[in-house]
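# Overview (structure and organization)
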There are 4 protein chains.
Amino acid sequence: MAGSVNKVILVGNLGRDPEIRTLNNGEKVANLSLATSEQWRDKSTGERKEKTEWHRVVVFNDNIVKVVENYLKKGSTIYVEGSLQTRKWTDQQGVEKYSTEIVIQRFNGQLTMLGGRDGGGSSGGGPRDDDYSSGFSTGGANKPSGPRESYDLNDDIPF
Amino acid sequence: MAGSVNKVILVGNLGRDPEIRTLNNGEKVANLSLATSEQWRDKSTGERKEKTEWHRVVVFNDNIVKVVENYLKKGSTIYVEGSLQTRKWTDQQGVEKYSTEIVIQRFNGQLTMLGGRDGGGSSGGGPRDDDYSSGFSTGGANKPSGPRESYDLNDDIPF
Amino acid sequence: MAGSVNKVILVGNLGRDPEIRTLNNGEKVANLSLATSEQWRDKSTGERKEKTEWHRVVVFNDNIVKVVENYLKKGSTIYVEGSLQTRKWTDQQGVEKYSTEIVIQRFNGQLTMLGGRDGGGSSGGGPRDDDYSSGFSTGGANKPSGPRESYDLNDDIPF
Amino acid sequence: MAGSVNKVILVGNLGRDPEIRTLNNGEKVANLSLATSEQWRDKSTGERKEKTEWHRVVVFNDNIVKVVENYLKKGSTIYVEGSLQTRKWTDQQGVEKYSTEIVIQRFNGQLTMLGGRDGGGSSGGGPRDDDYSSGFSTGGANKPSGPRESYDLNDDIPF
DNA sequence: TTTT
DNA sequence: TTTT
C-alpha cells in the first residue's frame, strides 16, 4: 500500500495503576487504562454534561515501560502517542471478540508525564512527580522487527 | 476531569465505497472502512511482511458527509482526523459487543482527499478525482471564510 | 492544490502572562509565548542536557481567547493545536523580517489546560485551576453542544 | 520542565527538488520546501481564494534522507511529521535573523510518500512512483543522544 | 475490503 | 517554488 499513517494522540488520566506483565521472552509489557472526557452544556436543558471515554493502551517500548513502572499510577495525567490496533480473541465461551488498543511499539510512540492528580492509591513509596519524558528511544541492539507479530494477550479481558 | 485530548490521525485507503445512512431527523451519517498498513522486513528470515489494519470511520459532520458522498469511493486515499469512541451494542444472540470507531463529530475533525488509485470499481458515474479538502467546516450554509486574511500584527516584535 | 494538512501540536508552559489585544473591529486576539523542552544525556560526556524551544501562539478563536483571558497565566501548562503561519513584516529600520507562528483560527485549533505550576506571578486574583477545555468551538454565542447531541445550525458569521 | 510535546504534521507538495547536503562528518541532511494551502470562498465577494504556506523541512534521520534522495522531487506529495525549531543566524550584513523549521531528527519523525503529481521536472532518471514509507526506524546500538548533537551513523539497512 |  |  502507498504510505499510510496510523496515529493516536491522547491526553488523559489513568483509571487505575498500570499493569506490567512479563512475556515468555522476558520482555515486559505495560497495560494502561486511560480516560479522556468531554464536557459540554446541553443547549436545551442547560445542564452540564460529561462523557468519558476509556482507552486501552499497550506499551511494548522498553524505555517507556520503565517509565510506566517507575512513575505512573492511578490518577497520573499523561500524553500518549501510539497507533491503533484491533486484536481478535476468543473468550472462555468460545465467542470471538475484538479489542481495539492504542499500541506503543518498540520503535515508535511517545509517552510524556504531565503531572496530574497525586493519585489516590495507598501506595506511598516510589518515585513520583519527577517529570520524565520518554520518546520512542529504546535503542538496544534490536531493530524494529515490524508490528509485533504474535504476542499472547489473548487471555486479557478487554475493558 | 482536567482537560483531555482524544485525537486520531489516519492516512489510508477506502476498502469499499462509503455507506451513507439517513437518521430519523434527516441528518446523514457516513461510514468508511479505511485501511492503513505497515511493511517491514523480517530480521531473521529476511522476507517482506505487511500488516493491514482496518478502521471504522463514522462521519457526522454535514459538510464532510457531502464530500464523502460526492467524491469518495473504494480505493480513495484520504487523510482523516477524528476522535476515538467505543460503542457498546448487543448482537442478535444477545451478546454484548464493543466497537471502537474514529468519529468525526459535527464540530471537529477533518477529512482531506489525497487522490490515490482511481478505484477499480465498475461504477463510472459521479464526480471523481476532483481534489477537495474539507475541514471541520461548520455545517450549514456558512463556511469559514478562510485564513484570516489581513490583520495588523506588523508592529509585533516576534520573539 | 490537492488536499493538504497543516497542523501543530504542542504541550508546554507559558513563559509569561498572555497578551490580549483588541483589533479595530472589536475582536480580541491572544498572544502566548509557549516553551517546550527536550532533555537528554550526552553520550560522550554523560552530562544532562536540556534545550528549550519557544513558540509564539496567536489565538483568533473567540471562545479560546476567553479561556486564555480568564484562566491562563505565566507557568500554565497547556495543550495547543493550531497551524503554522509565517508572517512577513518590516521593522522600524525598514528591514524585512519573518515570524512563524502557531495560529488558532476562528474555526479550528484547540487549547486545553493541563494544570501545571501555579505560576510564579505575583498576581493573586482571577480564576485559576478550574480545569477548562475548549475546542475549536465555533465562536459567537453558540457553542458546540457536545458529542453527538442535538444541535442547531449556527448562524455565526465567520470572520 | 515537565514533559512537553513539540509536533508538526504536514501534508503537502514539494515546491522544488530536495537539496541534499553532506556535513563534515559525512552525514547527509535533506532540505525540503513544502507547500500547504487553504482554499475558501470569500463570503462577501463570493470569489475563490487560496493561501499557500511554505514550510522548510530539514531531515537528519539517515533512513529518511535516503528516501528523500531516491524518491522525492518537485511536486511530490508527502506526509511529514517532525518538530518545530527556530534557528538564529546572522546574515552577511550582520543582521540577526530567525528561521523556523520542521526538523526530523535522527530518532523521531516520519515521512511518507503519498504520490501526487508526477512532477514536471525534466529529470528523467531515478526511482520514482515506488511508494515508500519510512519511520524513524534506525535502532542499532546507538541511543538517541538528543536534539542534534553528535551521534554515530548507524549501519542499519532500512527495510 | 484498500493500496503497493 | 508545489498542487488543484
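All values derive from a computational prediction rather than experimental measurement. (Residues numbered from 1 in each chain as written. Chains lettered and ligands numbered in written order. Predicted model: local features only at pLDDT ≥ 70, side-chain atom pairs only at ≥ 80, totals over all residues. Heavy atoms only, no water.)

## Quick notes on the overall build of chain A
Along the backbone of chain A there are one helix and eight strands. Ordered by position in the sequence, the α and β elements of chain A form the string β-β-β-β-α-β-β-β-β. Pairs at least 24 apart in sequence give 66% of the contacts found in chain A among residues at least 6 apart. Accessible surface, chain A: about 7,200 Å² in total, of which carbon and sulfur atoms supply 42%. (Helix = DSSP H or I, 4+ residues; strand = E, 2+ residues; numbered from the N terminus. Contact = heavy atoms within 4.5 Å. Areas by Shrake-Rupley, 256 points an atom, 1.4 Å probe, with all protein chains shown as cover.)

## Thoughts on the pattern of salt bridges
All names here are of chain A. Following the criterion strictly, the structure yields 36 salt bridges over all chains and no others. Between Lys-97 and Asp-91 there is a salt bridge; the shortest N-O distance is 4.0 Å. Owing to a relative accessible area of 24%, Lys-97 belongs among the partly exposed residues under this scheme. In this structure Asp-91 comes out as buried when scored by relative accessible area, which is 16%. (Salt bridge = Lys/Arg side-chain N within 4 Å of Asp/Glu carboxyl O. Buried < 20%, exposed > 50% of the residue type's maximum accessible area, 1.4 Å probe, protein only.)

## Remarks on the relation of the copies chain D and chain C
Mapping chain D onto chain C is achieved by rotating through 180° and translating by 0.0 Å along the same axis, at an RMSD of 0.1 Å. Viewed as a symmetry operation, the transformation between the two copies matches a two-fold axis. Among all C-alpha atoms of chain D, that of Val8(D) lies closest to the rotation axis, at 2.2 Å. (Least-squares fit on C-alpha atoms with pLDDT ≥ 70 in both.)

## Some thoughts on the environment of Ile9(D)
Counting through the fold element by element, Ile9(D) comes out in strand 1 (residues 5-14). The spacing of Ile9(D) and Gln92(D) is 83 residues in sequence and 33 Å in space, taken between C-alpha atoms. Ile9(D) has contacts with Lys7(A), Ile9(B), Val5(C), Asn6(C), Lys7(C), Tyr79(D), Val80(D) and Glu81(D), leaving out every residue within four places of it along the chain.

## Brief notes about the interface of chain D and chain C
In many reports, interface size means the accessible area that the parts give up when they come together. On the side of chain C, 37 residues touch chain D, which itself brings 37 residues to the contact. A combined buried area of about 3,000 Å² lies between chain D and chain C, and 48% of that area is made up of carbon and sulfur atoms. At the boundary of chain D and chain C, one finds zero salt bridges. Run the count over chain D and chain C and you get ten residue pairs in polar contact (both at pLDDT 80 or more). (Buried area = accessible area lost by both parts, 1.4 Å probe. Polar contact = N/O pair within 3.5 Å; in protein donor to acceptor, adjacent residues only side chain to side chain.)

## Brief notes about the confidence of the model for chain A
Residues and elements named next belong to chain A. For chain A, the average pLDDT comes to 78, and 72% of its residues sit at 70 or higher. Taking the mean pLDDT of every element in chain A, the minimum, 46, falls on strand 8 (residues 133-134) and the maximum, 98, on strand 2 (residues 19-22). Low pLDDT, under 50, characterises residues 119-159; the predicted model gives this stretch 111 contacts beyond four residues in sequence or across chains. (pLDDT = per-residue confidence, 0-100.)

## A closer look at the environment of Phe107(B)
All names here are of chain B. Along the polypeptide, Phe-107 turns up in the loop between strand 6 (96-104) and strand 7 (110-115). Using a relative accessible area of 13% as the deciding quantity, one classes Phe-107 as buried. Spatially, the C-alpha atoms of Phe-107 and Asn-61 are 6.7 Å apart, while their sequence positions differ by 46 residues.

## A word on the environment of Asp17(C)
Residues and elements named next belong to chain C. As for its position among the elements, Asp-17 is in the loop between strand 1 (5-14) and strand 2 (19-22). A residue is classified by how much of its surface remains accessible, and Asp-17, at 41% relative accessible area, is partly exposed. Residues Asp-17 and Arg-106, 89 residues apart in the sequence, show an inter-C-alpha distance of 22 Å. With near-sequence residues (within four places) excluded, Asp-17 lies in contact with Lys-73 and Lys-74. There is a polar contact of 2.7 Å between the side chain of Asp-17 and the backbone nitrogen of Lys-74.

## Let's talk about the side chain of Glu81(A)
Relative to the helices and strands, Glu81(A) is located in strand 5 (residues 77-90). Given a relative accessible area of 4%, Glu81(A) falls into the buried group. There is a polar contact of 2.9 Å between the side chain of Glu81(A) and the side chain of Tyr79(A). Apart from the residues lying within four places of it in its own chain, the contact partners of Glu81(A) are Lys7(A), Val8(A), Ile9(A), Ile104(A), Gly109(A), Gln110(A), Lys7(D) and Glu81(D).

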